[in-house]
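Structural description and commentary
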Amino acid sequence: MSTLSTTIQDVFNEPACGKNQAKGEKERKKGCTKQLQPGAAAGGCAFDGAKIALQPITDVAHLVHGPIACEGNSWDNRGAKSSGSLLYRTSFTTDINETDVVFGGEKRLFKSVKEIIDKYNPPAVFVYQTCVTALIGDDIEAVCKAATQKFGLPIVPINSPGFVGNKNLGNKLAGEALLEYVIGTQEPEYTTPYDINIIGEYNLGGELWQIKPLLDELGIRILACISGDARYREVAYSHRAKAAMMVCSKAMINISRKMEERYGIPFFEGSFYGIADMSDSLRNIAQLLVQRGAPDELLARTEAVITREETRAWARLEPYKQRLQGKRVLLITGGVKSWSVVAALQEVGIEIVGTSVKKSTKEDKERIKEIMGDDAHMFDDMTPREMYKMLKDAKADIMLSGGRSQFIALKAKMPWLDINQERHHAYAGYDGMIALVEEIDKALSSPIWEQVRKPAPWDTDLDVADPVRSDTGCAVVPGAHAPIQQVKEAS
């Protein structure tokens, strides 16, 4: 565990994190995460964070070394799509038992790796440490090293047991594993001046595929996406890119920063949500590539594509702007979406009554203030009761959140739309913005809400006399059928 402790301290002392660098030396050593308490992992533990960050690498076998419940709780927990292999959708776990806890699970882990290679022959196997196997002292690094030598395939240890911290820390520990064992281990067949990496994009609902056609039109090649719709080999040779864009706010900033230091790959943080942010991201990509040697004419071609796509997008959004003008949205999310979705919704005249920032960084909060000004209503931790009251009092017309909050909106009889990782619709890019507005409009205009808000038939005022008691003790309403007991007597 000493190696893991060193890695965690290195992750906490992240030079590219403005919030971390604003701290004093003493506060910086404490780290930037709160230790989880027993039963408080509802928001995701470190293991969960590592798994969701790397599972979108589609051709890798992801093996969870621990009890079967760990894999059951993390399998397919994002809507990441694949254009090729579906091996990442197959669930692998060592399923350790009480005997393994007593005698150790390293032999079981080695045998599990062998079985996966024999049956599936993947290009690599990722092995995830969990709380139980870390507590009993299983050395997954040693097992993975021995298996790599034995089978001639990369067996990568992901040392991120859940008890070390929250999901965001797990994202970064997953990035550290890629930096140590994967990135820089292979070479691409060829390189171009237009090669880029996209870091922190998970292709949720196929969002990467809404961006890629525009980049293809500009001649920009995505050398590697870490990790949406990725292949192991692409991640391994991603160090040959000319520039990089970091999408998920600070989740994998350690990858971006260390690749810049080691391989000279400049990066910027951007968003694909909303028309303005999408255009800015395309401009920044083109500018970085030109700085790295791409022809200057790339800038002109990029502006031409932006002008065309913005014109087309605004024309398609025009019918919705009148219907959605002044509608109020409560946004319960975090990270990059806490500000990028705000900007996207404001473009069509939707008012944001509040946005959660529980999982957002200091930089995210500053961006919200820039976008919303004095009207920025940020909530660090809004309770379900507060969400319900805001919806019930009609301070919001619709709630955008993750799946765990949907029942609060349904109880308040208000529309709800999934904006988090489990969603089935892609909201990135110009087409994604149109899809988001269409889904909001459909949710708000659905006739079901008028129906569910009506009083139930048994709650309405019926113009009948008060019920009286019959001789049998049954309540009798004038004009109603006779009590069952009377019917039996009559028969």
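Look up: the structure comes first, before these words.
Being a predicted model, the structure only gives us computed values, none of them experimental. (Residues numbered from 1 in each chain as written. Predicted model: local features only at pLDDT ≥ 70, side-chain atom pairs only at ≥ 80, totals over all residues. Heavy atoms only, no water.)

**What about the environment of Arg301?**
Inspection of the secondary structure puts Arg301 in helix α15 (residues 297-324). A relative accessible area of 28% places Arg301 in the partly exposed class. In this structure the C-alpha to C-alpha distance between Arg301 and Leu218, which are 83 residues apart in sequence, comes to 6.9 Å. (Helix = DSSP H or I, 4+ residues; strand = E, 2+ residues; numbered from the N terminus. Buried < 20%, exposed > 50% of the residue type's maximum accessible area, 1.4 Å probe, protein only.)

**Here's the deal with the pattern of salt bridges**
Applying the stated rule across the entire model yields 22 salt bridges. Put simply, Glu71 and Lys51 hold a salt bridge, and the shortest N to O gap is 2.9 Å. Of this pair, Glu71 sits in helix α5 (residues 68-74) while Lys51 sits in helix α4 (residues 46-54), placing them 20 residues apart in sequence. By relative accessible area, which is 1% here, Lys51 ends up buried. Between Arg301 and Glu297 there is a salt bridge, and its shortest N-O distance comes to 2.6 Å. Placement of both Arg301 and Glu297 in helix α15 is noted, with a separation of four residues, approximately one turn of the helix. Connected via shared salt-bridge partners are Glu217, Arg308, Glu309, Arg312, Arg316 and Asp431. (Salt bridge = Lys/Arg side-chain N within 4 Å of Asp/Glu carboxyl O.)

**Some remarks on a nonpolar patch on the surface**
Taken together, the side chains of Val101, Val102 and Phe103 define a hydrophobic patch exposed on the protein surface, amounting to about 350 Å² of accessible area. Residue position: Phe103 is located in helix α6 (residues 98-103). You can call Phe103 exposed: its relative accessible area is 72%. (Patch = residues over 30% accessible without salt bridge, like charges linked within 9 Å, V, L, I, M, F, W, Y side chains within 5 Å. Areas by Shrake-Rupley, 256 points an atom, 1.4 Å probe, with all protein chains shown as cover.)

**A short note on the sheet that holds strand β3 (residues 125-129)**
Overall, parallel pairing links the four strands, which are arranged β2-β1-β3-β4 in an open sheet. Each end of this open sheet is capped by a strand with a single partner; those strands are β2 (92-93) and β4 (155-158). Inspection of the sheet shows strand β1 (residues 61-65) paired to β2 by two bridges, in the parallel sense. Considered in β2, the bridge of Val64 is made with Thr93. Set on the sheet, helix α10 (residues 167-181) makes contact with β3 and β4; between it and β4 the angle comes to about 145°. (Pairing = 2+ DSSP bridges. Contact = heavy atoms within 4.5 Å. Axes fitted to C-alpha atoms, helices over the stretch in contact; angles between N-to-C directions.)

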